[in-house]
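# Summary of the model geometry
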Amino acid sequence: MNSTTSIELGNLLQTGNYSEVIRRGENHLQHHPDDAGVHVMLMDAYFKMRSEEWANVQRSADHAKAAILLGHDTGYCHERLLKDLREMDYYYQALQLCLMVMRPDFEFSSRGCGNKDYFAKAAATVRKRIDQGRAKDNPDAVVFTPQQIERLILLTRQHKQHEADAQKLWIKVQAAWESGRNDEYNRLLKQYHKIQESL
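Here we summarise the structure given alongside this text. (Residues numbered from 1 in each chain as written. Predicted model: local features only at pLDDT ≥ 70, side-chain atom pairs only at ≥ 80, totals over all residues. Heavy atoms only, no water.)

### Overview of the environment of Gly 112
This is how the line gets drawn: Secondary structure follows DSSP: runs of H or I at least 4 residues long count as helices, runs of E at least 2 residues long count as strands, and numbering of each begins at the N terminus.
Take Gly 112: it is sitting in the loop between α6 (91-102) and α7 (116-131). Along the sequence, Gly 112 and Gly 75 sit 37 residues apart, while their C-alpha atoms lie 6.1 Å from each other.

Shown next as structure tokens:
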């Protein structure tokens, strides 16, 4: 999922050169709009620069949403999107995000940091803010359409299946290696790497 560009931007991000991350990242997306890794780097850069320009919070949220819709399911973008929405007082959208994550058929990647309990606690706080009349969005506002939510649920299910397939295949790779079946080992290892690249 990480392109070479997203890795380069990640290195720049670590140095604190957020403006350059934004310049290069936005330029890259002009030609490669489906690069989830670059959306993640831009999400982080805009979030870091939110005190310089208020619109950067919305930009961070937009890139978090884009990365999620492109299949980034570690939980990292979900948490950042929730923070952005709460910072903008978009509590109805924040609640929708929490409720989506809390669905029993929604799962984060096992490779990530996603925690459903975090979203359950956040949902309680968000409901209080709505009850207090602090929401700047309205009850009809959504961060994801119902169709997008169903697509995300399907993507998480597919991702989980890919992870399970990779684990089963790895056992076969190890068995072929340990028994000295080099041709089978090489064939299985190529299959394993192909699955890993899709995760």
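### Quick look at the environment of Gln 174
Along the chain, the position of Gln 174 falls in helix α8 (residues 146-178). The spatial distance from the C-alpha of Gln 174 to the C-alpha of Leu 188 is 9.4 Å, given a sequence separation of 14 residues.

### With respect to the packing of helix α2 (residues 18-31) against helix α3 (residues 36-48)
Put simply, the rule is: In this analysis, axes come from line fits to C-alpha atoms, helices being fitted only over the stretch in contact, and the angle between any two N-to-C directions falls in the range 0 to 180 degrees. By the definition used in this description, the sense in which the near helix is turned from the far one sets the handedness, with an anticlockwise turn below a right angle giving left-handed and a clockwise turn giving right-handed. Any two residues having at least one pair of non-hydrogen atoms within 4.5 Å are treated as being in contact.
It is the contact of α2 with α3, at a shortest axis distance of 9 Å, that shows an interaxial angle of 145°. Between α2 and α3 the crossing geometry is left-handed. Residues Tyr 18, Val 21, Ile 22, Gly 25, Glu 26, His 28 and Leu 29 of α2 form the contact with α3, whose own contacting residues are Val 38, His 39, Met 41, Leu 42, Ala 45, Tyr 46 and Lys 48.

### Section: α8
Note the threshold: Here, expected helix span is obtained from the residue count minus one, scaled by 1.5 Å. Burial here depends on accessible area, computed with a 1.4 Å probe over protein chains only, as a share of the maximum for the residue type. Under 20% is buried, over 50% is exposed, and the range in between is partly exposed.
Helix length check: α8, at 33 residues, gives a terminal C-alpha distance of 48 Å against a target of 48 Å (1.5 Å per residue), a fit within 8%. For α8, every residue scored as buried is listed here: Ile 149, Leu 152, Ile 153, Thr 156, His 159, Glu 163, Ala 166, Leu 169, Val 173 and Ala 176. Gly 180 sits one or two residues past α8 and shows a positive phi near 75°.

### Examining the pattern of salt bridges
To be explicit about the condition: What counts as a salt bridge is simple: a side-chain nitrogen of Lys or Arg found within 4 Å of a carboxyl oxygen of Asp or Glu.
As enumerated under the stated definition, the model contains 9 salt bridges in all. With a shortest N-O distance of 3.7 Å, Lys 136 and Asp 89 are connected by a salt bridge. Of this pair, Lys 136 sits in the loop between α7 and α8 while Asp 89 sits in the loop between α5 (76-87) and α6, placing them 47 residues apart in sequence. A relative accessible area of 63% means that Lys 136 is categorised as exposed. A residue is classified by how much of its surface remains accessible, and Asp 89, at 18% relative accessible area, is buried. Measuring nitrogen to oxygen at the nearest pair gives 3.0 Å for the salt bridge that ties Glu 150 to Arg 103. With a gap of 47 residues between them, Glu 150 in helix α8 and Arg 103 in the loop between α6 and α7 connect regions that are remote in the sequence. Salt bridges sharing common partners tie together Glu 20, Arg 23 and Arg 24.

### Observations regarding the environment of Arg 59
Counting through the fold element by element, Arg 59 comes out in helix α4 (residues 55-69). Taking relative accessible area as the criterion, Arg 59 reaches 29% and is therefore assigned partly exposed. The spacing of Arg 59 and Asp 84 is 25 residues in sequence and 9.2 Å in space, taken between C-alpha atoms. Each residue touching Arg 59, except ones within four places of it in the same chain, is listed here: Tyr 46 and Glu 53.

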